[in-house]
Amino acid sequence: MSALSLQTEFLPLELANVKQCAADMKDRGYRYVQMLAVNTDDGLDLQYAYMQGADLKIYTIKGVKKGTKVPSVTDIFLEAFVFENEAHDLFGAEIEGIAIDFGGKFYHVAQSEPMTVISPAQKAAREKAEKLAAAKAAKEKGAGTADDMEAKLAGMDPEKAAKVRAAMEAKAKKQAAEAEAAKADKIANLDPEKAAKLKAAMEAKAAREAAKKEQADSAAKPVATDQKEGE
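A word on the side chain of Asn85. Mapped onto the elements, Asn85 comes out in helix α2 (residues 81-91). Look past the residues within four positions of Asn85 in its chain and what remains in contact with it is Ile98, Ile100, Asp101, Phe102, Gly103 and Phe106.

Tracing the backbone through its elements, the reader meets Glu84 in helix α2. Along the primary structure Glu84 and Met35 are separated by 49 residues, whereas in three dimensions their C-alpha atoms are 7.2 Å apart. The contact partners of Glu84, leaving out residues within four places of it in the chain, are Met35, Pro71, Ser72, Val73, Thr74, Ile95 and Ile98.

All chains considered together, the criterion is met by six salt bridges. Between Lys19 and Asp75 there is a salt bridge, and its shortest N-O distance comes to 2.8 Å. Taken together, the positions of Lys19 in helix α1 (residues 18-27) and Asp75 in the loop between β5 (69-71) and α2 put the pair 56 residues apart, joining distant regions of the chain. Lys19 sits in the partly exposed class, given a relative accessible area of 31%. Glu94 is paired through a salt bridge with Lys69; the nearest N and O atoms lie 2.9 Å apart. Of the two residues, Glu94 sits in strand β6 (residues 94-96) while Lys69 sits in strand β5, which places them 25 residues apart along the sequence. A network of salt bridges, in which partner residues are shared, links Glu9, Asp55 and Lys57.

Further remarks concern the environment of Phe102. Tracing the sequence through the fold places Phe102 in the loop between β6 and α3 (120-154). Assessed through its relative accessible area of 37%, Phe102 is described here as partly exposed. Residues Phe102 and Phe81, spaced 21 residues apart in sequence, show a C-alpha to C-alpha distance of 9.2 Å. If sequence neighbours within four positions are ignored, Phe102 has contacts with Phe81 and Asn85.

Our focus in this paragraph is the nonpolar core. Core analysis: the biggest nonpolar cluster contains 28 residues, and Leu46, Tyr48 and Tyr50 have the highest contact counts within it. If we skip the residues at most four places from it in the chain, Tyr50 touches Cys21, Ala22, Met25, Tyr30, Arg31, Tyr32, Val33, Asp55, Leu56, Lys57, Tyr59 and Phe77.

As a further point, take the sheet that holds strand β4 (residues 55-64). Reading across the sheet, the four strands line up as β1-β4-β3-β2 and stay open at both edges, with mixed pairing between neighbours. The open sheet terminates on both sides in strands that have one partner only, identified here as β1 (7-12) and β2 (31-40). Adjacent strand axes in the sheet meet at a mean angle of 20°, parallel and antiparallel pairs treated alike. With six bridges connecting them, β1 and β4 associate as parallel partners. If you follow Gln7 over to β4, its bridge partner there is Asp55.

Here we take up a nonpolar patch on the surface. Nonpolar side chains collect at one region of the surface, where Leu78, Ile100 and Phe102 lie side by side and expose about 250 Å² of accessible area between them. Looking at the secondary structure, you find Ile100 in the loop between β6 and α3.

Turning our eyes to something else, we now look at α1. Restricting attention to buried positions, one finds in α1 the residues Val18, Cys21, Ala22 and Met25. The arc that holds every buried residue of α1, seen down its axis, measures 100°, which confines them to one face. For α1, the elements touching its buried residues are β3 (43-52), β4 and β5. Looking one or two places after α1, you find Gly29, whose phi comes out positive at around 90°.

A separate point is the packing of aromatic side chains. Applying the stated rule across the entire model yields seven aromatic pairs. When the centroid spacing of 5.7 Å and the interplanar angle of 35° are considered together, the rings of Tyr32 and Phe77 count as tilted. One end of the pair, Tyr32, is in strand β2; the other, Phe77, is in the loop between β5 and α2, and 45 residues separate them in sequence. Judged by its relative accessible area of 4%, Phe77 is buried. Judged by centre distance (6.3 Å) and plane angle (65°), the rings of Tyr50 and Tyr59 are edge-to-face. Since its relative accessible area comes to 0%, Tyr50 is described here as buried. What makes Tyr59 buried here is its relative accessible area of 10%. An aromatic cluster of three or more residues is present, and its members are Tyr32, Tyr50, Tyr59, Phe77 and Phe83. Above the face of the Phe77 ring, Lys26 is positioned so that its terminal group lies 5.7 Å from the ring centre.

About the thresholds
Residues numbered from 1 in each chain as written. Predicted model: local features only at pLDDT ≥ 70, side-chain atom pairs only at ≥ 80, totals over all residues. Heavy atoms only, no water. Helix = DSSP H or I, 4+ residues; strand = E, 2+ residues; numbered from the N terminus. Contact = heavy atoms within 4.5 Å. Salt bridge = Lys/Arg side-chain N within 4 Å of Asp/Glu carboxyl O. Buried < 20%, exposed > 50% of the residue type's maximum accessible area, 1.4 Å probe, protein only. Core = buried A, V, L, I, M, F, W, Y, C linked by side-chain atoms within 4.5 Å. Pairing = 2+ DSSP bridges. Axes fitted to C-alpha atoms, helices over the stretch in contact; angles between N-to-C directions. Patch = residues over 30% accessible without salt bridge, like charges linked within 9 Å, V, L, I, M, F, W, Y side chains within 5 Å. Areas by Shrake-Rupley, 256 points an atom, 1.4 Å probe, with all protein chains shown as cover. Arc of directions from axis to C-beta. Phe/Tyr/Trp six-rings, centres within 6.5 Å; stacked < 30°, edge-to-face > 60°. Lys NZ or Arg CZ within 6 Å of the ring centre and 35° of its normal.

Spelled out as structure tokens, the structure:
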């Protein structure tokens, strides 16, 4: 007697197509296996598994955000109520229309949504990643804004454009001076040893940025040549 060879296929699924997918699976003779919830940095991943003979299909919805409504499939597969109540109680999935809804009391747990609890280190890592992403987005937005301003200045009367540029440069210098003053205040309130280390690090960073700017300016300048045309 030969062993059953399981054929597993992983497929993407959109939230809007959850019920249609379940209906299609039932029409094709597949049985409902489970819905698995996985907590990730991008939200909740939901995996719907259907099986027919040795054919196992797993459909995955990626990154369901907190507060997003997820339609129940219990009107198609009643047995799904177990997994949907579990996903609600343990992971906080907001599933609408569960045929047998325990109203958050399917599991008696000491803490609500226990599977979403993360360690302080994980929380710090996520917050750091969010700050870096926000800083990157702000930087890209700022670069786009500068390009847009240059395009506007190029279409202005030269005298007016010069005045706008002068005003922008004055504002930038003022902001830089305020930032430097804030840094100086911060250093003044530190322990002398820490203040010296911070000052050295800031000077090293400024030197690196100046070197990069000089390199970029040099690369942008046309290469001078003494050769005459035709030589």
